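Listed here are the chains, written in short residue letters.
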Amino acid sequence: MIHDIESAPLSELMTRAAAKRDAAHGRLVSYSRKVFIPLTKLCRDVCHYCTFAERPRTGRPAYLSSEAVLAIAQAGAAASCTEALFTLGDKPELRYRAAREALAAKGHETTVQYLREMCALVLKETGLLPHINPGIMTRSEIASLRDVSASMGIMLESSSDRLCEPGGVHYGSPDKAPAVRLEMMQIAGQLAVPFTTGILIGIGETRTERLDSLHAIRALHEQYGHIQEVIVQNFRAKPNTKRATAAEPDLGDLLWTVAAARLILPDDVHVQAPPNLSPGVYEQLICAGIDDWGGVSPVTPDHVNPEAPWPQIEALAQRTAAMGKVLVQRLPVYPSYGFAADRWCAPDIATRVRRAIDAEGWAREDGWAPGLTVLPKQRAPRLDRVDPAVSDAVSKAVTGNRLDEQEIVRLFAARDAGYEHVIIAADALRQSVSGDVVRYVVNRNINYTNICYFRCRFCAFSKGKTHEDLRGTPYDLALDEVVRRSQEAWERGATEVCLQGGIHPDYTGATYLGICRAIKRALPEMHIHAFSPLEVTQGAATLGLSLRDFLTQLKDAGLGTLPGTAAEILDDEVRAVICPDKVNTQQWLDVVRTAHELGLRTTSTIMYGHVERPISWARHLLRLRDLQAETGGITEFVPLPFVHMEAPMYLRGQARKGPTLREAVLMHAVARLALHPLITNIQTSWVKMGPDGAALCLNAGANDLGGTLMNESISRAAGTQHGQEFPPESMESLIRSIGRVPLQRDTLYRPAAQERRVASFGAPELAPVIQTPPRKVLAAE
């Protein structure tokens, strides 16, 4: 390959490199929003091109103080940075007494020890993720710093020993010996450290030596998988250095090296070129194959190249968009490492990474999460054209054809103009299917117990042996209280009671039958929408009945429809993580299919934004679509974004913060497209999205606002800030505020009777609920 690259025309190399980049990374070009913390500029090395390294000076601290470090980091956090880049000279204590004395005054013997203290401080006080470049380290030093950093780096610069000989730029710099640097990079791989390296071009090396360097990096990555990115950095001549008058590499040389790096390195190694070192040629760098701009700071200068200011991030985004690419923010760890954080990061770092990423592993775009009340400002697209793969998938969906998994994943990955295209298409499809009518139902949620012997790791609602630390106390409603709440709901205009609860260890199928019969005796016209596939499965098992026989008994007892909850994610790889003892995908589908065969219709749901990825969303949607094609029994699809605040798996550091707002809106839009024309109603959850978020979804394919609820316990237990009731007056006001027509419906999407509608407006306040305490000590406790 070396001869092929050296002899090929530049235009051909760039074309091949760009194609390889596009096949691996699509339209995305990433960057990290960072602050630069120069912990010390003292260094024992004497590189002939460097102006970063300084000698000790009287009156100038050898190291930044902890206060100075924290001030820089806090400014970065205030500017929405996610990375704290610690760059410093190599082992200055081995050369300078001033460094040794300064370290001793801080209680340390080495620079790396002080660096560890500062990384821990920044993590604790700001949450910024440290990326560290401290020079050559030992195995024990790397292991120690791994506990307090997300990633590390060292520039290989060149694998050529020539440069360390007399007259070479690295002569007199023992830490620049290629064997020393490659050995450290190997140790980092052995210790599973996400790693950054790179080459510095124009310092006396030949093109063949550059290619040798890239092959050495490739070999390390193939062995350990830890090289996240390779920087192709062009030498810049600086005054007062030995290379002040040396020629800098020209643009063609830089582009050739970028293209060579892309062609030599594996697809999962990202190729970066610092934008501040090549102003005015961003477009050419993209054409040469880069997919990352590196760290860009809105707060601090580039202390290694202070003469080269960072570009403004918005300007960088616009220039990137001009080349048909979308600028996306990342963390110091790239997505593939973030998804495998337990392997690549220390436990505390892994938790912080998971909480900072979206479903594709990029940095979360804003501070929003389901359950919060304030929506971020929406940004207009920068691109003027849509990815053909996105537009093709949309065109296929609107004609009613079944998309495949990868086509749905492409829709979920849509950003910028692609995102707008998906939203507009979904909304147009909604208008053609259901017009401008937005439906809602007046109902009451009755969660009859919060005691549960299942161990769903996302659930903040259930109480029992493993849930004492979560909010609320256990209860088990008396049947009289269930009936009283149902009667009160009827008086307030409800047509439906929705009944679900924990799987109480004392409950049997007879319990669920008894609830239905009691409500029907008191309220023959009330529709009972109750019991997830999990409750049905458990109830049938306790009575020794088949699913069909138990569902038949429930129907005879008054059950009208089933909620399609307990679906979570219909992908058993995900269920094994979030609800390992719950019904699996096939069992859930079997219950719903059997219900449909008996004339019991169901809803369908997805609970998303925790540990799963978009491929699982695609599988989920296709399983629902295929079931609906078979039975036709699903009334609506309800996306339920994960509310993280009190969820056990979030508190244990095992989950993301729910979907981003972009992902939540896309879930409604993509569902409208992927389920068309089989499931015609897409509902948005005002409890989880909030009224403003629900309005966004109603303009992105949704046509239903769900129920007024009257009481809502499950999302509130998880931490949502939205209320327990959204009365008809508020429902209709929201619907009209977006230019749509409200329609009160029943569970089966028929218009509500006028008598019910009249009763629902101006309803009296609810009487205080009675949370009946458990009637005996449970074995599960």
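Once a new chain begins, its residue numbering starts again from 1 and follows that chain's sequence as written. Given that this is a predicted model, residues contribute local features only at a pLDDT of at least 70 and side-chain atom pairs are listed and counted only at 80 or more, while totals for whole chains, interfaces and linings are drawn from all residues. Calculation of side-chain values draws on the structure's entire complement of heavy atoms; hydrogens and water are dropped beforehand.

Colleague: I would appreciate a short explanation of the overall build of the protein in the present structure.
Modeller: Helix numbers and strand numbers start at the N terminus; a helix is a DSSP run of H or I with at least 4 residues, a strand a run of E with at least 2. Summing up its helical and strand segments, the protein has 30 helices and 18 strands in all. Radius of gyration: over C-alpha atoms. The globule rule applied is 2.2 Å multiplied by the number of residues raised to the 0.38 power. The C-alpha atoms of the protein give 30 Å as radius of gyration, which agrees with the globular expectation for 781 residues (28 Å, within 12%). For the exposure calls, accessible area comes from a 1.4 Å probe over protein chains only, and a residue counts as buried if that area is under 20% of its type's maximum, exposed if over 50%, partly exposed in between. Each of the 781 residues in the protein was classed as buried or not, and the buried ones make up 61%. For the protein, the share of sequence-separated contacts (at least 6 apart) that also reach a separation of at least 24 residues comes to 78%. Taken as a whole, the protein presents about 28,400 Å² of accessible surface, with 52% of it coming from carbon and sulfur. Counted charges follow a simple rule, with Lys and Arg positive, Asp and Glu negative, and His plus the chain ends left uncounted. Lysine's charge is taken at NZ, arginine's at CZ, aspartate's at CG and glutamate's at CD. Side chains of the protein give 86 positive and 89 negative charges; the mean places of these two sets differ by 1 Å. We call two residues in contact when some of their heavy atoms are within 4.5 Å. Surface exposure here means Shrake-Rupley accessible area, sampled with a 1.4 Å probe, where a residue is shielded only by the protein chains that are shown.

Colleague: Explain the state of the cysteines to me, please; I cannot follow it from the model alone.
Modeller: Such a bond, covalent and formed between the sulfur atoms of two cysteines, is termed a disulfide. When two cysteine sulfur atoms lie within 2.5 Å, the pair is treated as a disulfide. Considering all chains together, one arrives at zero disulfides under this definition. Here cysteine 119 stays unpaired: no disulfide links it, and the sulfur of cysteine 345, its closest cysteine neighbor, is 14 Å away. Cysteine 516 takes part in no disulfide bond, and the closest cysteine sulfur, belonging to cysteine 498, lies 12 Å away. With a relative accessible area of 0%, cysteine 516 lands in the buried category.

Colleague: Help me out: how do you make sense of the sheet that holds strand 14 (residues 559–562) in this one?
Modeller: Backbone hydrogen bonds hold the strands of a sheet together, and the pairing may be parallel or antiparallel. Two strands are counted as paired when DSSP detects at least two bridges linking them. Taken in spatial order, the six strands line up as 11-12-13-14-15-16 in an open sheet, and their pairing is parallel. Strands with a single pairing partner mark the edges of an open sheet, and in this sheet they are strand 11 (443–447) and strand 16 (634–641). The average angle at which neighbouring strand axes cross in this sheet is 25 degrees, direction not considered. Simply put, an axis is a line fit to the C-alpha atoms, just over the touching stretch for a helix, and the angle between two N-to-C directions goes from 0 to 180 degrees.

Colleague: Help me understand the packing of helix 19 (residues 509–522) against helix 20 (residues 533–543), please; the structure alone is not making it clear to me.
Modeller: For any two helices packed against each other, one specifies the crossing angle of their axes together with the interaxial distance. As a packed pair, helix 19 and helix 20 sit with axes 7 Å apart at the nearest point and diverge in direction by 115 degrees. Every residue of helix 20 that contacts helix 19 at Gly509, Ala510, Tyr512 and Leu513 is listed here: Glu535, Gln538, Gly539, Thr542 and Leu543. Residues are grouped as follows: nonpolar covers Ala, Val, Leu, Ile, Met, Phe, Trp, Tyr, Cys and Pro; charged covers Asp, Glu, Lys and Arg; every other residue, Gly included, is treated as polar. By residue class, the composition of the contact of helix 19 with helix 20 is four nonpolar, four polar and one charged.

Colleague: Can you help me understand the nonpolar core in this one?
Modeller: Nonpolar side chains in soluble globular proteins tend to be buried together. By size, the foremost hydrophobic cluster in this structure holds 117 residues, and its most contacted members are Val422, Leu499, Leu554 and Leu705. Sequence-distant contacts of leucine 705, that is, excluding residues within four places in its chain, are made with Val438, Arg439, Tyr440, Gln683, Thr684, Trp686, Ala694, Leu698, Met731, Leu734 and Ile735. We define a nonpolar core as any set of buried Ala, Val, Leu, Ile, Met, Phe, Trp, Tyr and Cys residues linked to one another through side-chain atoms lying within 4.5 Å. By size, the runner-up hydrophobic cluster in this structure holds 102 residues, among which are Ala99, Ala261, Ala341 and Ile357.

Colleague: So what exactly am I meant to see when it comes to helix 15 (residues 388–398) here?
Modeller: Buried within helix 15 we find Val390, Ala393, Val394 and Ala397. Taken end-on, helix 15 shows its buried residues confined to a sector of 100 degrees, consistent with a single buried face. Within helix 15, the exposed residues directed more than 90 degrees away from the buried face are Pro388 and Asp392. Against helix 16 (405–412), helix 17 (417–434) and helix 26 (661–674) lie the buried residues of helix 15. The backbone nitrogen of alanine 389 has a side-chain oxygen 3.0 Å away, supplied by the residue at the start of helix 15, namely aspartate 387. Remark: glycine 400 follows helix 15 within two positions and exhibits a positive phi of approximately 90 degrees. What the arc measures is the spread of directions leading from the helix axis to the C-beta atoms. Definition of a polar contact: a pair of N or O atoms within 3.5 Å, with one able to donate and the other able to accept a hydrogen when the atoms are protein atoms, and with sequence-neighbouring residues admitted only if both atoms are side-chain atoms.

Colleague: Which parts of the structure should I look at to understand the confidence of the model for the protein?
Modeller: Interpretation of this model should avoid reading the predicted coordinates in detail wherever pLDDT is low. The predictor's confidence in any single residue is recorded as pLDDT, a number from 0 to 100. For the protein, the mean per-residue pLDDT works out to 94, and 96% of the residues sit at or above 70. Across residues 465–471, where pLDDT falls below 50, the model places 18 contacts with residues more than four positions away in sequence or in other chains. Contacts for the low-pLDDT stretch residues 777–781, under 50 throughout, to residues beyond four places or in other chains number 10 contacts.

Colleague: Would you explain the packing of aromatic side chains in this entry?
Modeller: Each pair of aromatic rings is reported with the distance of its centres and the angle of its planes. Each Phe, Tyr or Trp ring (for Trp, its six-membered ring) is paired with any other whose centre lies within 6.5 Å, and the angle between the two planes then decides the class: stacked below 30 degrees, edge-to-face above 60, tilted in between. Taken as a whole and judged by the stated rule, the model has 12 aromatic pairs. Residues tyrosine 63 and tyrosine 114 carry aromatic rings whose centres are separated by 5.9 Å and whose planes lie at 85 degrees to one another, so their mutual orientation is edge-to-face. One end of the pair, tyrosine 63, is in the loop between strand 1 (28–38) and helix 3 (66–78); the other, tyrosine 114, is in helix 5 (residues 111–126), with 51 residues separating them in the sequence. Each member of the pair, tyrosine 63 as well as tyrosine 114, carries the same accessibility label: buried. With a centroid separation of 6.0 Å and 35 degrees between ring planes, the pair formed by tyrosine 448 and tyrosine 507 is classed as tilted. Placement of the pair is tyrosine 448 in the loop between strand 11 and helix 18 (479–491) and tyrosine 507 in the loop between strand 12 (496–500) and helix 19, with a sequence separation of 59 residues. Judged by its relative accessible area of 1%, tyrosine 448 falls in the buried class. Grouping aromatic residues by their ring pairs yields a cluster made of Tyr448, Tyr507, Tyr512 and Phe531. Think of it as a cone above the ring: NZ of Lys or CZ of Arg counts as a charge over the ring if it is within 6 Å of the ring centre and within 35 degrees of the ring normal. For the cation-ring pair, arginine 745 lies above tyrosine 749, with the distance from its terminal atom to the ring centre recorded as 4.0 Å. In this arrangement the basic side chain of arginine 756 is found over the ring face of tryptophan 490, its NZ or CZ atom lying 3.7 Å from the centre.

Colleague: Honestly, unusual backbone geometry in this entry has me stumped. Any pointers?
Modeller: If a residue is not glycine, its phi is most likely negative; likewise, a peptide bond is most likely trans. Residue proline 677 is reached from histidine 676 by a cis peptide bond, and omega for that bond is 0 degrees. Topologically, proline 677 is positioned in the loop between helix 26 and helix 27 (686–698). We note that alanine 192 has phi near 55 degrees; this positive angle belongs to a residue other than glycine. Position of alanine 192 relative to the elements: it lies in the loop between helix 7 (178–190) and strand 5 (195–201). One non-glycine residue, leucine 709, lies in positive phi territory at about 75 degrees. As for its position among the elements, leucine 709 is in the loop between strand 17 (704–707) and helix 28 (714–718). Residue leucine 709 is classed as buried on the basis of its relative accessible area of 11%.

Colleague: Help me understand helix 16 in this model?
Modeller: In an α-helix there are 3.6 residues to a turn, and that puts residues three or four apart on one side. Of the positions making up helix 16, those classed as buried are Glu407, Ile408, Val409, Leu411 and Phe412. In the core, the buried residues of helix 16 are packed alongside helix 15, helix 17, helix 24 (614–631) and helix 26. You can read the cap of helix 16 off the contacts: a side-chain oxygen lies 3.2 Å from the backbone nitrogen of glutamine 406, and it is on aspartate 404.

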